[in-house]
Amino acid sequence: MKRISFFIYGVISYSVGVFALLYLIAFLGDLVVPKTIDGTPQIPTWQAMLVNLSLVLLFGVQHSVMARPAFKKKWTQVISPVIERSTYVLFTFLALITLFYFWQPLGGEVWNVSSNHMLYYILYGMFFLGWVILFLATFLINHFDLFGLRQVYLNLIGKEYTSLVFKERGFYKSVRHPIYSGLLFGMWCTPHMTISHLFLAGLFTAYIFYAITLEEHDLIQEWGEKYQAYKSRTGGVFPRLFKKSKVMPKDA
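In this text, all values refer to a predicted model and were calculated from it rather than measured experimentally. (Residues numbered from 1 in each chain as written. Predicted model: local features only at pLDDT ≥ 70, side-chain atom pairs only at ≥ 80, totals over all residues. Heavy atoms only, no water.)

Along the protein chain, the regular secondary structure elements total 10 helices and two strands. Listing each helix as α and each strand as β along the protein chain from the N terminus yields α-α-α-α-β-α-α-α-α-β-α-α. Over its C-alpha atoms, taken along the principal directions, the protein chain stretches across nearly 65 × 55 × 30 Å. Within the protein chain, the fraction of its 252 residues that count as buried is 42%. For the protein chain, long-range pairs separated by at least 24 residues make up 77% of all intrachain contacts whose partners lie at least 6 apart in sequence. Here the protein chain displays about 14,500 Å² of accessible surface, and carbon together with sulfur accounts for 68% of that area. For the protein chain, the separation between the mean place of its 22 positive charges and that of its 13 negative charges on side chains is 7 Å. (Helix = DSSP H or I, 4+ residues; strand = E, 2+ residues; numbered from the N terminus. Buried < 20%, exposed > 50% of the residue type's maximum accessible area, 1.4 Å probe, protein only. Contact = heavy atoms within 4.5 Å. Areas by Shrake-Rupley, 256 points an atom, 1.4 Å probe, with all protein chains shown as cover. Lys, Arg positive; Asp, Glu negative; His and termini not counted. Charge placed at Lys NZ, Arg CZ, Asp CG, Glu CD.)

Shown next as structure tokens:
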């Protein structure tokens, strides 16, 4: 029964995650959902900015703290390691759903490209391209492991979990964090950039680059020179324009 309950829990967590990601696309793209990033301001601007900043901080703290090895070590003394990843996914996307629900529009706009202009379709094309990159990147490393389903499935069928072996393929041959690359495209590529949208995009961009420093510190601790070598020949969120040349021996 415990195996079945863990599996159901994992499926629920995965479903919440997929829902939240799809809602994020609609939220940022002003598509057909009950609430999007824009709208009529309901409270004074300074209060709205404080609320929105708090929501992003809630997401960022949860997303980063629960991903650290030291936290995981203590956390898995409280919950089963089998559902650690599913719990992380669930908490992450509940924090994101909280952001959707309590987000306060700020009003005003930075740019607004007319639908009669070719740039309108280019920006929307880049917007959707970003989400395609994000989803493809999850499958290149193992989508179901990343979202916690692989862990609970292996437990269900009585097999021991084995860590994935990272392979440089697809986007990962030139970029270390293509999931973040796709998210940045989704955040910034819009034909209608409002103050609300700019505020969120700016905060998330700052968080992404901070999160990368934390993640890469952990990866260097785990993989050492192997990750350092990978880091030296790839870009963080965008491919390197100029790759470092190898130092040749003096007598070569």
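Looking at the protein chain, the pLDDT average stands at 93 and 96% of residues meet or exceed 70. This stretch, residues 245-252, has a pLDDT under 50; its non-local contacts, to residues over four places away or in other chains, come to zero contacts. (pLDDT = per-residue confidence, 0-100.)

Another point: the pattern of salt bridges. Enumeration according to the criterion identifies five salt bridges in this entry. When the shortest N-O distance is used, the salt bridge between D145 and R150 registers 2.8 Å. The two residues D145 and R150 agree in class, both being buried. Each member of the salt-bridge network shares a partner with another, and the members are R176, E216 and K231. (Salt bridge = Lys/Arg side-chain N within 4 Å of Asp/Glu carboxyl O.)

This part is about the packing of aromatic side chains. Tallied over the full model, the rule gives 22 aromatic pairs. A centroid spacing of 5.1 Å and a plane angle of 80° characterise the contact between Y120 and Y121, whose relative ring orientation is edge-to-face. Residue Y120 is classed as partly exposed on the basis of its relative accessible area, which comes to 22%. One aromatic cluster is present, formed by Y120, Y121, Y124, F127, F128 and W131 through successive ring pairs. (Phe/Tyr/Trp six-rings, centres within 6.5 Å; stacked < 30°, edge-to-face > 60°.)

This part takes up the packing of helix 1 (residues 2-29) against helix 5 (residues 118-141). The contact between helix 1 and helix 5 brings their axes to 12 Å, and the two run at 165°. Here helix 5 runs roughly antiparallel to helix 1, going by the angle between their axes. As helix 1 packs across helix 5, the resulting crossing turns out to be right-handed. Here L21, L24, I25, L28 and G29 of helix 1 lie close against helix 5, whose contacting residues are Y124, F127, F128, W131, L134 and F135. (Axes fitted to C-alpha atoms, helices over the stretch in contact; angles between N-to-C directions. Parallel < 35°, antiparallel > 145°, perpendicular 65-115°, else oblique. Left-handed = near helix turned anticlockwise from the far one by under 90°.)

Here we come to a nonpolar patch on the surface. Side chains of V110, W111, W188, I195 and L198 sit close together on the surface and give an oily, nonpolar patch of about 380 Å² of accessible area. Here V110 is to be found in strand 1 (residues 109-112). (Patch = residues over 30% accessible without salt bridge, like charges linked within 9 Å, V, L, I, M, F, W, Y side chains within 5 Å.)

Core analysis: the largest hydrophobic core is formed by 51 residues, its most contacted members being F27, L28, L99, L200 and F204. If you list the elements that add at least two residues to this core, you get helix 1, helix 2 (45-65), helix 4 (84-102), helix 5, helix 7 (149-156), helix 8 (178-188) and helix 9 (195-223). Sorting elements by how many residues they give to this core places helix 1 first, with 10 residues. The residues contacting F204, other than those within four sequence positions of it, are V56, F59, L96, L99, L183 and M187. (Core = buried A, V, L, I, M, F, W, Y, C linked by side-chain atoms within 4.5 Å.)

This paragraph deals with helix 9. Look at helix 9: 41 Å from first C-alpha to last across 29 residues, which is about the 42 Å you get at 1.5 Å a residue. G224 occupies a position one or two residues after helix 9 and carries a positive phi of about 60°. (Expected span 1.5 Å × (residues − 1).)

Turning our eyes to something else, we now look at the side chain of T92. Relative to the elements of secondary structure, T92 occurs in helix 4. Classification of T92 as buried rests on a relative accessible area of 5%. Of note is the side chain of T92, whose polar atom sits 3.1 Å from the side chain of Q62. If we ignore the near neighbours within four places in the chain, the residues touching T92 are F59, Q62 and H63. (Polar contact = N/O pair within 3.5 Å; in protein donor to acceptor, adjacent residues only side chain to side chain.)

Contact pair helix 2 / helix 4: the axes reach a minimum separation of 9 Å and the direction vectors enclose 175°. Compared by their axis directions, helix 2 and helix 4 come out roughly antiparallel. Here V51, N52, L55, V56, L58, F59, Q62 and H63 of helix 2 come into contact with helix 4, specifically with Y88, F91, T92, A95, L96, T98, L99 and F102. Broken down by class, the residue content of the contact of helix 2 with helix 4 amounts to 11 nonpolar, five polar and no charged. (Nonpolar A, V, L, I, M, F, W, Y, C, P; charged D, E, K, R; others polar.)

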